[in-house]
Amino acid sequence: MSELRVTVIPVGRVDVAEVEGALARVTKVIHKPIELREPAPLPRAGEDSSRGQHGAAELLAALRLGAPRLAVVKLVGGAASEGQPVPIPSPDAMVFVTDVDLFTPSTDGVFMHVTPAQHAGLVSVRRLREAFYRRRADPKRQRARLVKEILRAIGRAAGLPNCPDPACVVSPTQALPDIDRKAERFCSACWRRLSTGSIRI
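What comes next concerns the included structure.

1. As for the sheet that holds strand 4 (residues 53-55)
Sheet architecture is open: 3 strands sit in the order 3-4-7, paired in mixed fashion. The two strands at the open ends of the sheet, each matched to only one other strand, are strand 3 (47-48) and strand 7 (102-103). Relative to strand 4, strand 3 runs antiparallel, the two sharing 2 bridges. Bridge pairing in strand 4 links Asp48 to Gln53.

2. As for the pattern of salt bridges
Under the criterion given, the structure shown has 13 salt bridges. Linking Arg141 and Asp138 is a salt bridge whose minimum nitrogen-to-oxygen distance equals 3.8 Å. Linked by salt bridges that have partners in common, Glu130, Arg135, Arg145 and Asp180 make up one network.

3. As for the side chain of Lys148
One can find Lys148 in helix 3 (residues 139-157). The charged side chain of Lys148 is buried without a salt bridge, its nearest counter-charge being Asp180 at 5.1 Å. In this structure the side chain of Lys148 is engaged in a polar contact, spanning 2.8 Å, whose partner is the backbone oxygen of Lys182. Discounting residues that sit within four places of it in the chain, Lys148 has contacts with Val169, Ile179, Asp180, Lys182, Ala183 and Glu184.

4. Looking at the packing of aromatic side chains
Note on aromatic pairs: each is described by the distance of the centres and the angle between the planes. Counted according to the given criterion, the structure contains 2 aromatic pairs. The side chain of Arg51 reaches across the aromatic face of Phe103, ending 3.8 Å from its centre.

5. Side note on the environment of Glu35
You can see Glu35 is positioned in strand 2 (residues 34-37). On a C-alpha basis, the gap between Glu35 and Met94 in space is 9.3 Å, while along the polypeptide they are 59 residues apart. Polar contacts involving the side chain of Glu35 include one to the side chain of Arg37, which spans 2.8 Å.

6. What about the nonpolar core?
Among the nonpolar cores identified, the biggest contains 41 residues, and Val8, Val97 and Phe186 are the most heavily contacted of them. With 7 residues, the single largest contributor to this core is helix 3. Apart from the residues lying within four places of it in its own chain, the contact partners of Val8 are Val19, Leu23, Ile34, Glu35, Leu36, Arg37, Val95 and Val97. Judged by nonpolar contacts, the second largest core, of 16 residues, contains Leu60, Met94, Val110 and Ala120.

7. A few points about the sheet that holds strand 9 (residues 120-124)
Spatially, 5-2-1-6-9-8 is the arrangement adopted by the 6 strands of the open sheet, whose pairing is mixed. Looking along the sheet, the strands with just one partner apiece sit at the ends: strand 5 (72-76) and strand 8 (112-115). Put simply, the sheet's adjacent strands are angled 20° from each other on average, direction ignored. Where strand 1 (residues 6-10) meets strand 2, 2 bridges bridge the pair, whose relative direction is parallel. Across the sheet, residue Thr7 finds its bridge partner in strand 2, namely Glu35. Across the sheet, helix 2 (residues 56-66) touches strand 6 (93-98), strand 8 and strand 9, and the angle it forms with strand 9 is around 120°. Strand contacts of helix 3: strand 1, strand 6, strand 8 and strand 9, with the helix running at about 15° to strand 8, the strand carrying the most contacts.

8. Quick word on helix 2
Inspection of helix 2 places Ala56, Leu59, Leu60, Leu63 and Gly66 among the buried residues, and these make up the whole buried set. Down the axis, helix 2 shows its buried residues gathered within 125° of arc, on one side only. Packed against the buried residues of helix 2 are strand 4, strand 6, strand 7, strand 8 and strand 9.

Reading guide: rules and limits
Residues numbered from 1 in each chain as written. Predicted model: local features only at pLDDT ≥ 70, side-chain atom pairs only at ≥ 80, totals over all residues. Heavy atoms only, no water. Pairing = 2+ DSSP bridges. Helix = DSSP H or I, 4+ residues; strand = E, 2+ residues; numbered from the N terminus. Salt bridge = Lys/Arg side-chain N within 4 Å of Asp/Glu carboxyl O. Buried < 20%, exposed > 50% of the residue type's maximum accessible area, 1.4 Å probe, protein only. Lys, Arg positive; Asp, Glu negative; His and termini not counted. Polar contact = N/O pair within 3.5 Å; in protein donor to acceptor, adjacent residues only side chain to side chain. Contact = heavy atoms within 4.5 Å. Phe/Tyr/Trp six-rings, centres within 6.5 Å; stacked < 30°, edge-to-face > 60°. Lys NZ or Arg CZ within 6 Å of the ring centre and 35° of its normal. Core = buried A, V, L, I, M, F, W, Y, C linked by side-chain atoms within 4.5 Å. Axes fitted to C-alpha atoms, helices over the stretch in contact; angles between N-to-C directions. Arc of directions from axis to C-beta.

Shown next, in the form of structure tokens:
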């Protein structure tokens, strides 16, 4: 997997500039450009109006179905090129970023959900924002959290297991302090597996 191929797709009303700003930092970690596609419309799949949330697995499955129809907007971190970039046919990691709140049957809410077998992940910015907890906005901290969760989604979608090193971005995230204590990087063991292709799903 030395030619790590990553596609990121904004979903619904998420701030595309916020996503692209995070990707500029992500590309410096993975040392590869990232394919940014046009925003996907928010499907109704998994919507639970009584909770004001979306089921993460159902929403991710619906988004994956519509992804091939979305045009590539640019390569973040790549050299400028003339003409429309050619879409990656089968990325190692396809990550969707949304602003809707996500849950799973066993949780009240999640920051991220992945299906490694499909090389896909879904990240929500909703619980990464201080405003969700009725605290003063902190754009710098929110951006850092988004960078780390996108990196975690890339690693898990590409086949990495959860990492026991709490400073590694692929370590499990249960609460915001788990994200805040991480560095914007993979540990040496996870990076070696990700960059050399020694991953088994």
